[in-house]
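Here's the letter readout for the chains.
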Amino acid sequence: MGFFLWQKSKPSILLIYTGGTIGMMQDVRTGELKPFNLKLTKQIPELEKFDIELSSISFKHPIDSSNMHPRVWVELATIIKDNYAKYDGFVILHGSDTMSFTASALSFMLENLSKPVILTGSQLPIGIIRTDGKENLITAIEIAAAQKNNKPIVTEVCIYFEYKLHRGNRTYKYNSAHFDAFKSLIILH
Ligand code: ASP
């Protein structure tokens with residue numbers, strides 16, 4: 001009879017970039033905001049300190065969330081379905097204007113969810129010094145990776161924004177000028 005030590009590998013997270021302010025950078029000459037290729041560890045070196053396996057995919061043409069469409073919800077749900085067995089959690093980067101609608105739709109599309117799907121974004125582009133995007137993204141990844149007894153702690157679609165974790169289908173954006181942009185009747189943490 002032999003013994004072996006079974007060690008769970010580190011949590012794996014899939015980051016899906018759809019567009020929105022968080023992934024924008026400012027053209028130094030014109031001041032214009034343009035989507036940039038999310039080289040995350042370059043923008044947020046803190047991510048390298050996590051004991052998390054992070055993979056990312058990006059929409060070929062990132063969109064402002066005012067152009068979000070049910071067709072894109074289906075695309076997102078399909079990405080999660082196709083990668084469900086491979087990852088412990090999912091983080092979706094999304095423009096804040098219609099994030100609540102996407103979170104709500106996904107919460108009904110992804111039936112019997114047993115892994116976290118955390119949407120986040122930001123009010124200021126991640127390339128800007130005082131961006132809220134870094135905190136939002138880092139904590140969203142931490143929440144998606146959080147486990148107890150090898151099981152995910154959050155098993156639903158949520159929005160993480162400005163130090164609050166909201167239930168996805170109870171949230172609305174009420175402010176576009178402050179970092180604290182979302183409200184919900186149920187704040188989870
Ligand atoms: N207009 C942007 C969007 O919703 C605003 C943001 O990202 O917060 O895509």
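Now for a look at the structure at hand.

Thresholds, definitions, all that
- Residues numbered from 1 in each chain as written.
- Predicted model: local features only at pLDDT ≥ 70, side-chain atom pairs only at ≥ 80, totals over all residues.
- Heavy atoms only, no water.
- Phe/Tyr/Trp six-rings, centres within 6.5 Å; stacked < 30°, edge-to-face > 60°.
- Buried < 20%, exposed > 50% of the residue type's maximum accessible area, 1.4 Å probe, protein only.
- Lys NZ or Arg CZ within 6 Å of the ring centre and 35° of its normal.
- Near = heavy atom within 4 Å.
- Polar contact = N/O pair within 3.5 Å; in protein donor to acceptor, adjacent residues only side chain to side chain.
- Areas by Shrake-Rupley, 256 points an atom, 1.4 Å probe, with all protein chains shown as cover.
- Nonpolar A, V, L, I, M, F, W, Y, C, P; charged D, E, K, R; others polar.
- Axes fitted to C-alpha atoms, helices over the stretch in contact; angles between N-to-C directions.
- Helix = DSSP H or I, 4+ residues; strand = E, 2+ residues; numbered from the N terminus.
- Parallel < 35°, antiparallel > 145°, perpendicular 65-115°, else oblique.
- Left-handed = near helix turned anticlockwise from the far one by under 90°.
- Contact = heavy atoms within 4.5 Å.

Section: the packing of aromatic side chains
Inference 1: Considering all chains together, one arrives at three aromatic pairs under this definition.
Inference 2: Ring plane angle 65° and centroid distance 6.2 Å describe the contact between Tyr87 and Phe90, whose orientation is recorded as edge-to-face.
Inference 3: Residue classification places Tyr87 among the buried residues on the basis of a relative accessible area of 9%.
Inference 4: Site record: aromatic cluster; members linked through ring pairs are Tyr84, Tyr87 and Phe90.
Inference 5: Between Lys115 and the ring centre of Tyr84, over which it is positioned, the NZ or CZ distance is 4.7 Å.
Inference 6: Here the basic side chain of Lys183 rests over the ring of Tyr174, its NZ or CZ set 4.3 Å away from the ring centre.

Things to note about the site of the ligand
Inference 1: Around the ligand, the neighbouring residues are Gly20, Thr21, Asp64, Ser65, Gly95, Ser96, Asp97 and Ser122.
Inference 2: A distance of 2.5 Å separates an oxygen atom of the ligand from a polar side-chain atom of Ser65.
Inference 3: Taking Ser96, its side chain carries an N or O atom lying 2.4 Å from an oxygen atom of the ligand.
Inference 4: Relative to its free-state accessible area of 270 Å², the ligand is covered by the protein chains to the extent of 89%.
Inference 5: Residue classes in the shell around the ligand are distributed as no nonpolar, six polar and two charged.

So, the packing of helix α2 (residues 70–83) against helix α3 (residues 99–109)
Inference 1: Where α2 meets α3, the axes come as close as 10 Å, and the angle between the chain directions of the two elements is 55°. By the angle between their directions, the pair α2 and α3 is classed as oblique. In this structure, α2 meets α3 at a crossing whose hand is right-handed. For the pair α2 and α3, contact is made by Trp73, Val74, Leu76 and Ala77 and by Phe101, Thr102, Ala105, Leu106 and Met109, respectively.
Inference 2: A class-by-class count of the residues in the contact of α2 with α3 yields eight nonpolar, one polar and no charged.

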